[in-house]
Amino acid sequence: MADEEYEEELGEEGGPGRPPRLRLSRRGVAVLVALGALVAGALGWTVFFSSALDVRGVAVQGLDSGRLTQQDVERALGGTARGPLARVDLDEARAEVAKVPRVAGAEVWRGWPHTLRVKVTERRPVAAIQHEGGGFVQVDADGVEFATEPQPPAGVPVVALELSRPAQDAAAVIDRPTLVRSAITVAAGLPPEVAQQAGSLTVYSYDDIRLKLASGATVRWGSAEDTGRKAKVLTALLGQKASNYDVSAPDAPAVSG
């Protein structure tokens, strides 16, 4: 039997009607299926196993601070950024990048034909804590300590604990880490224009946190509660030149000096 057969349909008067239709025999269908499988197999091998579509570069977005580099990200990726691009485990690559201390979050996707693309979100310091061994530990808004440098970063307050006697006596109830977190909450809630003026953020007790401005003025903050509202009140008060600002009771703020 021939691989291809033609069937001619006649019109009403015996003349040719529609054009002949191409019909494939079983052997013809089998040949086409085999060819399709061969092409699919060759394509799959090329994409998943050959070196034709290997990772040849890593493109990183979001390096805004100048502290986190392309090399940092590439080192974190390590072996996950090698071999065929189609076989890169994107979840694993994302997890490896997220382990970098300065990285708050990461996205990873394939940039065909040869590029692994990474977008990072860097941690931003809202405060610094002086380390006992020297240097300043940078802390982000979530309270994560992610870097230590000889000097505190510009535009954020330096947190210090100078606990009063009652605060020391209450350490079993409100410990030092809790007090530091309170200070970080205040620092994270400062508007940028206020944070730029901040010099230090000193904790005397849970409800006695004070901010020292670059001008020398002192801000009595009270506790970390209602920080958002206190920040708005302070922003308005800073329009008045003074040496003391008190927003510990935001409904009754005070200015003196």
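Located above this text is the structure these notes cover.
Every value quoted in this text rests on a predicted model; they were computed, and no experiment measured them.

Considering unusual backbone geometry
- Each neighbour pair has its own omega, and for Trp112 with Pro113 the value is 10°, a cis peptide bond.
- Turning to its location among the elements, Pro113 is positioned in the loop between strand E4 (103–111) and strand E5 (115–122).

Digging into the side chain of Ser182
- Looking at the element boundaries, Ser182 is found in helix H5 (residues 176–189).
- According to the relative accessible area criterion, Ser182 is buried, its value standing at 9%.
- Filtering out sequence-adjacent residues up to four positions away, Ser182 remains in contact with Tyr206, Ile209 and Ala224.

Points about the pairing of strand E7 (residues 136–139)
- By the alternation rule, side chains of E7 split into Phe136 and Gln138 and Val137 and Val139, which are all buried.
- Taken together, the four bridges between strand E6 (residues 127–130) and E7 define a ladder with antiparallel strand orientation. When the sheet's bridge partners are listed, Gln130 is paired in E7 with Phe136.
- In this antiparallel pair of consecutive strands, E6 and E7, the connection spans five residues, and Gly134 shows a positive phi of 110°.
- Across four bridges, E7 lies against strand E8 (residues 145–149) in antiparallel orientation. The partner of Gln138 across the bridge, within E8, is Ala147.

The rules behind these values
Residues numbered from 1 in each chain as written. Predicted model: local features only at pLDDT ≥ 70, side-chain atom pairs only at ≥ 80, totals over all residues. Heavy atoms only, no water. Helix = DSSP H or I, 4+ residues; strand = E, 2+ residues; numbered from the N terminus. Buried < 20%, exposed > 50% of the residue type's maximum accessible area, 1.4 Å probe, protein only. Contact = heavy atoms within 4.5 Å. Pairing = 2+ DSSP bridges.

Any functional reading would require information that these geometric values do not contain.
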